[in-house]
Amino acid sequence: MKRNFDVVIPTGKNILDSHYSLCYTIRSIISQTYQPQNIFVVENMHNIGVKDVMHTHFGEFVTVIDGTAKTPNISFARNLGASNGNSDIIIFLDDDVILGYNDYFARVLAIMENNDFCCGAKRFWTSPKWHNYLSLNFSTSHNLQILKAKSFLPESIERTTGNRNCSEYSYIGNFGAIKRSVFNEIDGFDETFEGWLYQDTDLMMRLCYQGYAYEILAYTDMFCYHLGHPADKQHYRARNKNLYEQKQKALGIKFSNNNFFGRFDDDSVSVITPIL
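Remember, it's a predicted structure, so these values are computed and weren't measured experimentally.

Participant: I keep staring at the state of the cysteines and nothing clicks. Help me out?
Facilitator: Each disulfide is one covalent bond, formed between the sulfur atoms of two cysteines. Inspection of every chain in the model, using the stated rule, returns zero disulfides. The thiol of Cys 166 is not disulfide-bonded; the next cysteine sulfur, from Cys 119, is found 11 Å away. A residue is classified by how much of its surface remains accessible, and Cys 166, at 0% relative accessible area, is buried. Distance from the sulfur of Cys 224, which forms no disulfide, to the nearest cysteine sulfur (Cys 119) is 11 Å. Its relative accessible area of 0% is what places Cys 224 among the buried residues.

Participant: I keep staring at empty space enclosed by the protein and nothing clicks. Help me out?
Facilitator: It is the rolling of a water-molecule-sized probe over the atoms that shows where space remains empty. Summed over all chains, the structure comprises one cavity of 30 Å³ or more. By volume, the largest cavity amounts to about 50 Å³. Of all the secondary-structure elements, those providing two or more residues to the lining of the largest cavity are α1 (21-30) and α5 (140-150). Among the elements that make up the lining of the largest cavity, the one with the highest residue count is α5 (four residues).

Participant: What should I look at first to understand the sheet that holds strand β1 (residues 5-11) in this one?
Facilitator: Sheets are built from strands paired through backbone hydrogen bonds, the pairs being either parallel or antiparallel. With respect to topology, seven strands assemble into an open sheet ordered β3-β2-β1-β4-β8-β6-β9, the strand pairing being mixed. Because the sheet does not close on itself, it has two edges, and the strands there are β3 (63-66) and β9 (214-216). Averaged over all adjacent pairs, the angle separating strand axes in this sheet is 20°, with direction ignored. For β1 and strand β4 (residues 89-93), the ladder comprises four bridges, and the chain directions are parallel. Counterpart to Asp 6 in the pairing with β4 is Ile 90. Relative to the sheet, α1 contacts β1, β2 (38-43) and β4, its axis offset from that of β1 by approximately 170°. Of the strands in this sheet, β1, β2, β3 and β4 touch helix α3 (residues 74-83), which is tilted by about 150° from β1.

Participant: I would appreciate a short explanation of the pairing of β3 in the present structure.
Facilitator: A regular strand places its side chains so that they alternate between the two faces of the sheet. Where β2 meets β3, four bridges bridge the pair, whose relative direction is parallel. Paired with Glu 43 across the two strands is Asp 66, which belongs to β3. Between the parallel pair β2 and β3, the chain is carried across by helix α2 (residues 50-58), and the sense of this crossover is right-handed.

Participant: Help me understand the layout of surface pockets in this model?
Facilitator: If you add up the space inside the second largest pocket, you get close to 190 Å³. Lining the second largest pocket are 15 residues, and of these Lys 13, Asp 17, Ser 18, His 229 and Pro 230 lie nearest its centre. For the lining of the second largest pocket, a count of residues per class yields four nonpolar, eight polar and three charged.

Participant: Where do I start with the packing of α1 against α2 in this structure?
Facilitator: Helix-helix packing is characterised by the crossing angle of the two axes and by the distance between the axes. Running from amino to carboxyl end, α1 crosses α2 at an angle of 40°, the nearest separation of the two axes being 11 Å. Our pair here, α1 against α2, has a crossing hand that is right-handed. Each of Leu 22, Cys 23, Ile 26, Arg 27 and Ile 30 in α1 lies in contact with α2, whose residues at this interface are Val 50, Val 53, Met 54, His 57 and Phe 58. Of the residues that constitute the contact of α1 with α2, the class distribution is eight nonpolar, one polar and one charged.

Participant: What is the right way to read the pattern of salt bridges from this model?
Facilitator: Between side chains of opposite charge, a pair can form when the charged atoms approach closely. This model, assessed by the stated rule, comprises 13 salt bridges. Measuring nitrogen to oxygen at the nearest pair gives 2.7 Å for the salt bridge that ties Asp 200 to Arg 78. On the criterion of sequence distance, the pair formed by Asp 200 in helix α7 (residues 199-209) and Arg 78 in helix α3 is long-range, its members being 122 residues apart. In this structure, Asp 200 and Arg 78 share a single accessibility class: buried. Two residues, Asp 202 and Lys 247, come together in a salt bridge whose shortest N-O distance is 2.8 Å. Taken as a pair, Asp 202 in helix α7 and Lys 247 in helix α8 (residues 234-251) lie far apart in primary sequence, 45 residues in all. In this structure Asp 202 comes out as buried when scored by relative accessible area, which is 0%. Here the residues in one salt-bridge network are Asp 190, Asp 202, Arg 206 and Lys 247, joined through shared partners.

Basis of the calculations
- Residues numbered from 1 in each chain as written.
- Predicted model: local features only at pLDDT ≥ 70, side-chain atom pairs only at ≥ 80, totals over all residues.
- Heavy atoms only, no water.
- Disulfide = S-S within 2.5 Å.
- Buried < 20%, exposed > 50% of the residue type's maximum accessible area, 1.4 Å probe, protein only.
- 1 Å grid on protein atoms, 1.4 Å probe; cavity = no way out; pocket = protein on both sides within 12 Å on 5 of 7 lines; lining within 4 Å.
- Points joined across faces, edges and corners; volume = space filled by probe spheres on them.
- Helix = DSSP H or I, 4+ residues; strand = E, 2+ residues; numbered from the N terminus.
- Pairing = 2+ DSSP bridges.
- Axes fitted to C-alpha atoms, helices over the stretch in contact; angles between N-to-C directions.
- Contact = heavy atoms within 4.5 Å.
- Right-handed = clockwise from strand over helix to strand, strands pointing away.
- Nonpolar A, V, L, I, M, F, W, Y, C, P; charged D, E, K, R; others polar.
- Left-handed = near helix turned anticlockwise from the far one by under 90°.
- Salt bridge = Lys/Arg side-chain N within 4 Å of Asp/Glu carboxyl O.

What follows is the structure, encoded as structure tokens:
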């Protein structure tokens, strides 16, 4: 059975300063064989020029929602976008993600027949100068060929801890899907996180803790491109990390990103382990 789905994309970047990255994201959606009921773009900052550009490039195909009541709060923006639809499945994308092939929504819907959520596509990154070699005047297929030649798969280390941050995979908000019923049961993204960082990890942790079934998209050879850009997330890092650790402590568990994305073959190593 073909299920209906919405796509939710929060954005907090000025459309001109970001070199129209959101337009590339939308074009990769339009190129899909299966189309969503709705594409909700949620403006999460004031005066970033998104609404006019979306109307000029895509007409009524994209619905732009005012998400400036809580700026910048990407959890709020994602929850707000999700609340505007009534589809069976919600697919989240970031405003700088390009889908690798045009059958990905069809494949995600097939995966969601037997799962509650999915994410973890391989995420290839570009340099921040990607706008020097991509163009909205090119076809999507031509841009994808350029991205294939120009992008790389990172294996990132957090300098402060020495731990892998698994940025070579898409987190659930970056490119992931969830059943609407499950999203509502778990109360969506936690809006007590500020700005960026840890919201996706927290949602994945809560979903795993409550035993929801999932699939890692990289296992099915799905991938996306992340259009690189400068970002200063240090303002939110310490606070959000502390909040995330306190939530784990309250649950009495430790959630492992590495094990969630399947980095280890040892079945004795669990995604969720109790804190003794």
